Amino acid sequence: RPVDFAINHSPAAIAMHMANHPDTEHYQEDVWGVDPQSVTKGRPLGLLWASPDCTHHSNARGGKPKDKNIRGLAWVVTRWAAKARPRVIMLENVREFESWGPLNRRHHPRRNKRGQTFRRFVAQLQALGYEVQFRKLIAANYGAPTSRLRLFMIARCDGEPIVWPTPTHAPRESAEVRAGLLQPWRAAYECIDFSIP
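My aim in this report is to walk through the structure given alongside it, one point at a time. (Residues numbered from 1 in each chain as written. Predicted model: local features only at pLDDT ≥ 70, side-chain atom pairs only at ≥ 80, totals over all residues. Heavy atoms only, no water.)

1. Digging into the overall build of the protein chain
Move 1: A tally of regular secondary structure across the protein chain gives six helices and eight strands.
Move 2: A buried classification covers 34% of the 197 residues belonging to the protein chain.
Move 3: Within the protein chain, counting contacts between residues at least 6 apart in sequence, those at least 24 apart form 56% of the total.
Move 4: A total of about 12200 Å² of accessible surface is found on the protein chain, and carbon and sulfur atoms cover 53% of it.
Move 5: Within the protein chain, the 18 negative side-chain charges are centred at a point lying 11 Å from the centre of the 29 positive side-chain charges. (Helix = DSSP H or I, 4+ residues; strand = E, 2+ residues; numbered from the N terminus. Buried < 20%, exposed > 50% of the residue type's maximum accessible area, 1.4 Å probe, protein only. Contact = heavy atoms within 4.5 Å. Areas by Shrake-Rupley, 256 points an atom, 1.4 Å probe, with all protein chains shown as cover. Lys, Arg positive; Asp, Glu negative; His and termini not counted. Charge placed at Lys NZ, Arg CZ, Asp CG, Glu CD.)

Here it is in structure tokens:
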């Protein structure tokens, strides 16, 4: 289905999204500055997709200090849940997002509080009437050209069951691919039109 609106603070991200989704209404601003009721204009919201910044949750940052404001971006989802009440919310992030918790004075995660903030986040969505499920999945198993393990969350408030997709792809050398039961993982180069200068 076409994307009705997209929000991002980055001019480059908005420009890329506009090139791929020219009919979408774009908001280039801090997501906290966007009022959900103004954007939706009172219309029902079927799906909210959120991919909050993951760099300050990821282990890929190594031992670098984390920014609690960036780590807290996911809280905007609960704001949208309360003000616009999307029927379905989907969230995607790094697998370490599940260990989201408070930081110490040196801006490193407190080991004894691992997952505390994540559990509060889930509980807040549940308190707003959402059924919440989350899983760690490899998007390549569903046809996306990325093999990184990511955390996906689905929250619903419409009484319908949460249904997770069935894998359609597997690593090229897997028995399922060799038997013709699944398609091989896609590579990023397959999605690039190299004829474009």
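From this point, the discussion proceeds with the structure in view.
2. So, the pattern of salt bridges
A pair can form between side chains of opposite charge whenever their charged atoms are brought close.
Move 1: One pass over the structure, following the stated rule, counts seven salt bridges.
Move 2: Here Glu 25 makes a salt bridge to Lys 41, at a shortest N to O gap of 3.6 Å. On the criterion of sequence distance, the pair formed by Glu 25 in strand S2 (residues 25-28) and Lys 41 in the loop between helix H2 (36-40) and strand S3 (47-50) is long-range, its members being 16 residues apart.
Move 3: Under the relative-accessibility criterion, Glu 25 is labelled partly exposed at 34%. (Salt bridge = Lys/Arg side-chain N within 4 Å of Asp/Glu carboxyl O.)

3. Remarks on the environment of Asp 53
Move 1: Mapped onto the fold, Asp 53 is located in the loop between S3 and helix H3 (68-71).
Move 2: For Asp 53, a relative accessible area of 30% corresponds to the partly exposed category.
Move 3: The spatial distance from the C-alpha of Asp 53 to the C-alpha of Phe 134 is 18 Å, given a sequence separation of 81 residues.

4. Some thoughts on the sheet that holds S3
Move 1: Strand order across the open sheet formed by four strands is S3-S4-S6-S5, with mixed pairing between neighbours. In the strand order of this sheet, the two ends are held by S3 and strand S5 (131-138), each with one partner. Averaged over all pairs of adjacent strands, the angle between strand axes in this sheet comes to 15 degrees, irrespective of strand direction.
Move 2: Pairing analysis gives seven bridges linking strand S4 (residues 88-94) to strand S6 (residues 149-156), with the strands arranged antiparallel. Considered in S6, the bridge of Glu 92 is made with Phe 152. (Pairing = 2+ DSSP bridges. Axes fitted to C-alpha atoms, helices over the stretch in contact; angles between N-to-C directions.)

5. A short note on the packing of aromatic side chains
Move 1: The tally for this structure, following the rule as stated, stands at eight aromatic pairs.
Move 2: Centre to centre, the rings of Trp 75 and Phe 121 are 5.5 Å apart; their planes meet at 80 degrees, and the pair counts as edge-to-face. Of the two residues, Trp 75 sits in helix H4 (residues 75-83) while Phe 121 sits in helix H5 (residues 116-127), which places them 46 residues apart along the sequence. Accessibility classification places Trp 75 together with Phe 121 in one group, the buried group.
Move 3: An angle of 80 degrees between the planes, with centres 6.2 Å apart, marks the rings of Phe 97 and Phe 121 as edge-to-face. In this pair, Phe 97 sits in the loop between S4 and H5 while Phe 121 sits in helix H5, placing the two residues 24 residues apart along the sequence. Taken as a pair, Phe 97 and Phe 121 share a single burial class, namely buried.
Move 4: Each member of the aromatic cluster is reached from another via a ring pair, and the members are Trp 75, Phe 97, Trp 100, Phe 118, Phe 121 and Phe 134. (Phe/Tyr/Trp six-rings, centres within 6.5 Å; stacked < 30°, edge-to-face > 60°.)

6. Here's the deal with unusual backbone geometry
Move 1: A positive phi angle is found at Lys 41, which is not glycine, with a value near 55 degrees.
Move 2: Located in the positive-phi region is Arg 85, a residue other than glycine, with phi close to 45 degrees.
Move 3: Among the structural elements, Arg 85 can be located in the loop between H4 and S4.
Move 4: The exposure class assigned to Arg 85 is partly exposed, which follows from its relative accessible area of 39%.

7. Here we look at the packing of H4 against H5
Move 1: With their axes 10 Å apart at the nearest point, H4 and H5 run at an angle of 10 degrees to one another. Classified by the interaxial angle, the pair formed by H4 and H5 is roughly parallel. Packed against H4, whose contacting residues are Trp 75, Val 77, Thr 78 and Ala 81, the element H5 presents Thr 117, Arg 120, Phe 121, Gln 124 and Leu 125 at the interface.
Move 2: The class makeup of the residues in the contact of H4 with H5 is five nonpolar, three polar and one charged. (Parallel < 35°, antiparallel > 145°, perpendicular 65-115°, else oblique. Nonpolar A, V, L, I, M, F, W, Y, C, P; charged D, E, K, R; others polar.)

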